[in-house]
Amino acid sequence: MVNVDEFIEDAKESIREQIGDEHAIIALSGGVDSSVAATLAYEAVGEQLTPVYVDTGLMRKGETEQIAETFSFMESLRVVDAEERFFEALEGVIDPEEKRAVIGEQFIREFEREAKDTDAEFLVQGTIYPDRIESEGNIKSHHNVGGLPDVVDFEGIVEPVRDLYKDEVREVARALGLESIIAERMPFPGPGLAVRVLGEVTPEKVQVAREACHIVEDETEKHDPWQAFAAVIGKGTGVKGDNRVHGWIVSVRSVESRDGMTARAQELPWDTLQRIQSRITGTNENVARVVYDVTHKPPATIEYE
């Protein structure tokens, strides 16, 4: 385990050395990784940093409002409405790796646009060690590593937590005094709900996934999973009322892990699973069935794409 106090001081000094007298923007998603990176950078260079939260339309329920409130102490925080641009870029894209590449490039273009307004030369990211390992090992390309475009209009990219595992990042978050809603929240993929809908990303599928994920997180909270969520994996036959329907199949996943490199499917109680399926099918008439994923990592990854 990293020496937290020593790490914080070293990270701040490294950020100051890399950025110098220039300005930087931080890609703030609201997850613990980017939140720790943002807080370290903000404490290191102050007004030289502009935090940028990009609302891709692929975020968790209520995410944008929560970010604006939680990070209101950063007076220079910018909230960018980019939903239309992301959905347009993803139109017709089916391959998981292509999705990540499209999202990675769109993120960079959004940050480049914001950087021009603030004369920022550096981009700060919340990349962590497992992101790099999985991208370099071709397990999956992370949007902020393997999903980056070849040409990036920044003098440099700063990654203050790039050598930490998730549990170490949480330790740093607690030491920095971040709220528990940030420090303890379960992981959320950088590409957002785009990798929790199999096939083409559409507003309808994303909305189904968003509501289902909210229900799963709510029902599994007392079981303390490493990560719990729902994914829209296809369509199947069901019955609503007296009518046969061809609706969405939602897969529920809840896993236990230490650092995300390996994971075990969680043995949730039957009554919890029944409440989850009842709420998901009851709140969305277009969902035909709910299934539970019992696959460990390996052979599966935690996310579906």
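Model, not experiment: these values are computed from the prediction. (Residues numbered from 1 in each chain as written. Predicted model: local features only at pLDDT ≥ 70, side-chain atom pairs only at ≥ 80, totals over all residues. Heavy atoms only, no water.)

So, about the nonpolar core. Grouped together as the largest cluster of nonpolar side chains are 48 residues, with contacts concentrated most on Ile25, Val54, Leu58, Phe111, Val201 and Ile280. In terms of residue count, helix H9 (residues 203–220) provides more of this core than any other element does, seven residues in total. Both of domain 1 (2–181) and domain 2 (201–290) provide at least three residues apiece to this core. Setting aside its immediate chain neighbours within four residues, Ile280 contacts Ala212, Ile215, Val216, Val250, Val252, Val287 and Val290. Counting residues in hydrophobic clusters, the runner-up holds 37 residues, among them Leu28, Ile67, Met74 and Phe122. (Core = buried A, V, L, I, M, F, W, Y, C linked by side-chain atoms within 4.5 Å. Buried < 20%, exposed > 50% of the residue type's maximum accessible area, 1.4 Å probe, protein only. Helix = DSSP H or I, 4+ residues; strand = E, 2+ residues; numbered from the N terminus. Domains from an automatic or database assignment. Contact = heavy atoms within 4.5 Å.)

This next bit is on the sheet that holds strand E4 (residues 120–124). One open sheet accounts for five strands, arranged E3-E2-E1-E4-E5; its pairing is parallel. Of all the strands in the sheet, just strand E3 (78–81) and strand E5 (156–158) have a single pairing partner and so form its edges. Going across the sheet, the axis of each strand differs from the next one's by a mean of 30 degrees, ignoring polarity. In this structure, strand E2 (residues 49–55) lies alongside E3, joined through four bridges in parallel fashion. Counted as the bridge partner of Asp55 is Asp81 from E3. (Pairing = 2+ DSSP bridges. Axes fitted to C-alpha atoms, helices over the stretch in contact; angles between N-to-C directions.)

As a further point, take empty space enclosed by the protein. The full count for this structure, using the stated rule, is two cavities of 30 Å³ or more. Here the second largest cavity is characterised by a volume of approximately 30 Å³. Contributing to the lining of the second largest cavity are Val208, Glu211, Ala212, Ile215, Ile280, Thr283 and Asn284. For the lining of the second largest cavity, the class distribution of residues is four nonpolar, two polar and one charged. (1 Å grid on protein atoms, 1.4 Å probe; cavity = no way out; pocket = protein on both sides within 12 Å on 5 of 7 lines; lining within 4 Å. Points joined across faces, edges and corners; volume = space filled by probe spheres on them. Nonpolar A, V, L, I, M, F, W, Y, C, P; charged D, E, K, R; others polar.)

Bringing the pairing of strand E7 (residues 243–256) into the picture now. Bridge analysis of strand E6 (residues 227–240) against E7 gives 13 bridges, and the strand direction is antiparallel. If you follow Val239 over to E7, its bridge partner there is Arg244. In this structure, E7 lies alongside strand E9 (residues 287–292), joined through five bridges in parallel fashion. Bridging from a neighbouring strand, Ser251 pairs with Val291 of E9. For E7 and strand E8 (residues 264–265), the ladder comprises two bridges, and the chain directions are antiparallel.

This brings us to the packing of aromatic side chains. In the structure shown here, the tally under the stated rule is six aromatic pairs. Measuring from ring centre to ring centre gives 6.1 Å for Phe71 and Phe73, while their planes differ by 35 degrees; the resulting arrangement is tilted. The structure contains a cluster of three or more aromatic residues connected by ring pairs, namely Tyr42, Phe71 and Phe73. The ring of Trp226 carries the charged tip of Arg170 above its face, separated from the ring centre by 5.9 Å. Its end group placed over the ring of Trp248, Lys235 keeps NZ or CZ at 4.6 Å from the ring centre. (Phe/Tyr/Trp six-rings, centres within 6.5 Å; stacked < 30°, edge-to-face > 60°. Lys NZ or Arg CZ within 6 Å of the ring centre and 35° of its normal.)

These figures capture arrangement, not role.
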